[in-house]
Amino acid sequence: QQQVKQSPQSLIVQKGGIPIINCAYENTAFDYFPWYQQFPGKGPALLIAIRPDVSEKKEGRFTISFNKSAKQFSLHIMDSQPGDSATYFCAAIPSSNTGKLIFGQGTTLQVKP
Amino acid sequence: NAGVTQTPKFQVLKTGQSMTLQCAQDMNHEYMSWYRQDPGMGLRLIHYSVGAGITDQGEVPNGYNVSRSTTEDFPLRLLSAAPSQTSVYFCASSYSTVTYEQYFGPGTRLTVT
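Being a predicted model, the structure only gives us computed values, none of them experimental. (Residues numbered from 1 in each chain as written. Chains lettered and ligands numbered in written order. Predicted model: local features only at pLDDT ≥ 70, side-chain atom pairs only at ≥ 80, totals over all residues. Heavy atoms only, no water.)

Engineer: Summarise the interface of chain A and chain B; cite the residues concerned and give the values.
Structural biologist: Interfaces are frequently sized by the accessible area removed from exposure as the parts join. Listed by partner, the interface residues are 23 residues for chain A and 22 residues for chain B. At the boundary of chain A with chain B, total buried surface from both sides reaches about 1,800 Å², with 58% on carbon and sulfur atoms. At the surface where chain A touches chain B, the tally comes to four residue pairs in polar contact (both at pLDDT 80 or more). Every element with two or more residues in the side of chain A that touches chain B is listed here: strand 4 (30-38), strand 5 (45-50) and strand 9 (86-94) of chain A. Per-element tally for the side of chain A that touches chain B: the top contributor is strand 4 of chain A, with four residues. (Contact = heavy atoms within 4.5 Å. Buried area = accessible area lost by both parts, 1.4 Å probe. Polar contact = N/O pair within 3.5 Å; in protein donor to acceptor, adjacent residues only side chain to side chain. Helix = DSSP H or I, 4+ residues; strand = E, 2+ residues; numbered from the N terminus.)

Printed below as a string of structure tokens:
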């Protein structure tokens, strides 16, 4: 029943690199596409979110790109730092306003110094 | 504000035992939910509640019960623990069903032997 598919499962980059995490969804009736960041031993926390009528959103070093026709969206981390090492989850909010979040499988990012 | 709190942090159960995972929030949020996190599976919704006295099933509800007698508390009950319920459990809350930002607790790591 997974409606949001995320790749890659893990990613290693050098400091300053630009890791890219990709997600694809199967259902067109989503209102928002948030990304959550999770550090080891902690709960996930909201990082950035985008609406489906916007093609790109930037917040600091984090950028979401959204391709509605391809049903794909991705997270880019500019000038990545060792402190960005975490697990990243993409998610989708169905339009039914139930409050449900549908998560992707997660990507574990390691940024080497 | 303490935010979302969960107890216990760690728990080991034997197959067939029952227990309750506690979750509380002090933000007066209407929406609360329980997720389980398993490697490669992301976060999967177990049960959720849109307000006191109202609960509904998520993606993986079997073997779990919930109730919501107050706005603040949303306990998750394992009726008869099975090894397949070994997981990390997260409670989350948000002020309404139309927001994409959910606040997660620190998690409970459960092992069933």
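Engineer: Hey, could you go over the nonpolar core for me, with residue numbers and the actual values?
Structural biologist: Here is a general trend for soluble globular proteins: nonpolar side chains tend to be buried in one another's company. Ranked by size, the top nonpolar core spans 25 residues in total, and within it A:F33, A:W35, A:F73, A:L75 and A:Y88 carry the most contacts. Elements with a minimum of two residues in this core: strand 2 (10-14), strand 3 (20-25), strand 4, strand 5, strand 7 (62-67), strand 8 (72-77), strand 9 and strand 11 (107-112) of chain A. It is strand 9 of chain A that contributes the most residues to this core, four residues altogether. By size, the runner-up hydrophobic cluster in this structure holds 19 residues, among which are B:W34, B:V60, B:Y64 and B:L110. (Core = buried A, V, L, I, M, F, W, Y, C linked by side-chain atoms within 4.5 Å. Buried < 20%, exposed > 50% of the residue type's maximum accessible area, 1.4 Å probe, protein only.)

Engineer: Talk me through the packing of aromatic side chains; I want residue IDs and the actual numbers.
Structural biologist: Residue and element names in this part refer to chain A. By the definition in use, this model includes 19 aromatic pairs over all chains. Judged by centre distance (5.7 Å) and plane angle (65 degrees), the ring pair of Y36 and F103 falls under edge-to-face. Placement of Y36 in strand 4 and of F103 in strand 10 (residues 102-103) is noted, with a sequence separation of 67 residues between them. For the pair shown, Y36 and F103 are each scored as buried. With a centroid separation of 6.0 Å and 85 degrees between ring planes, the pair formed by F89 and F103 is classed as edge-to-face. Of the two residues, F89 is situated in strand 9 and F103 in strand 10; the sequence distance between them amounts to 14 residues. (Phe/Tyr/Trp six-rings, centres within 6.5 Å; stacked < 30°, edge-to-face > 60°.)

Engineer: Tell me about the confidence of the model for chain A, and name the residues and values.
Structural biologist: Looking at chain A, the pLDDT average stands at 93 and 96% of residues meet or exceed 70. Here strand 10 of chain A stands out as the least confident element of chain A, with mean pLDDT 92; strand 11 of chain A is the most confident, with 98. (pLDDT = per-residue confidence, 0-100.)

Engineer: Would you mind going over the state of the cysteines in detail, with residue names and values included?
Structural biologist: Using the criterion set out here, one finds two disulfides over all chains in the structure. Between the sulfur atoms of A:C23 and its disulfide mate A:C90 the distance is 1.9 Å. Taking the torsion about the S-S bond as the criterion, the A:C23 to A:C90 disulfide, at about -100 degrees, is left-handed. With A:C23 in strand 3 and A:C90 in strand 9, the pair connects residues that are 67 residues apart, well separated along the chain. Looking at A:C23, the relative accessible area reads 3%, which means it is buried. The disulfide bridge from B:C23 ends at B:C91, spanning 1.8 Å between sulfur atoms. Across the S-S bond linking B:C23 and B:C91, the dihedral sits near -70 degrees, which makes this disulfide left-handed. Placement of B:C23 in strand 3 (residues 19-25) and of B:C91 in strand 9 (residues 87-94) is noted, with a sequence separation of 68 residues between them. Accessibility expressed as a relative area gives 2% for B:C23, which makes it buried. Residue class for B:C91 comes out buried when judged on its relative accessible area of 0%. (Disulfide = S-S within 2.5 Å.)

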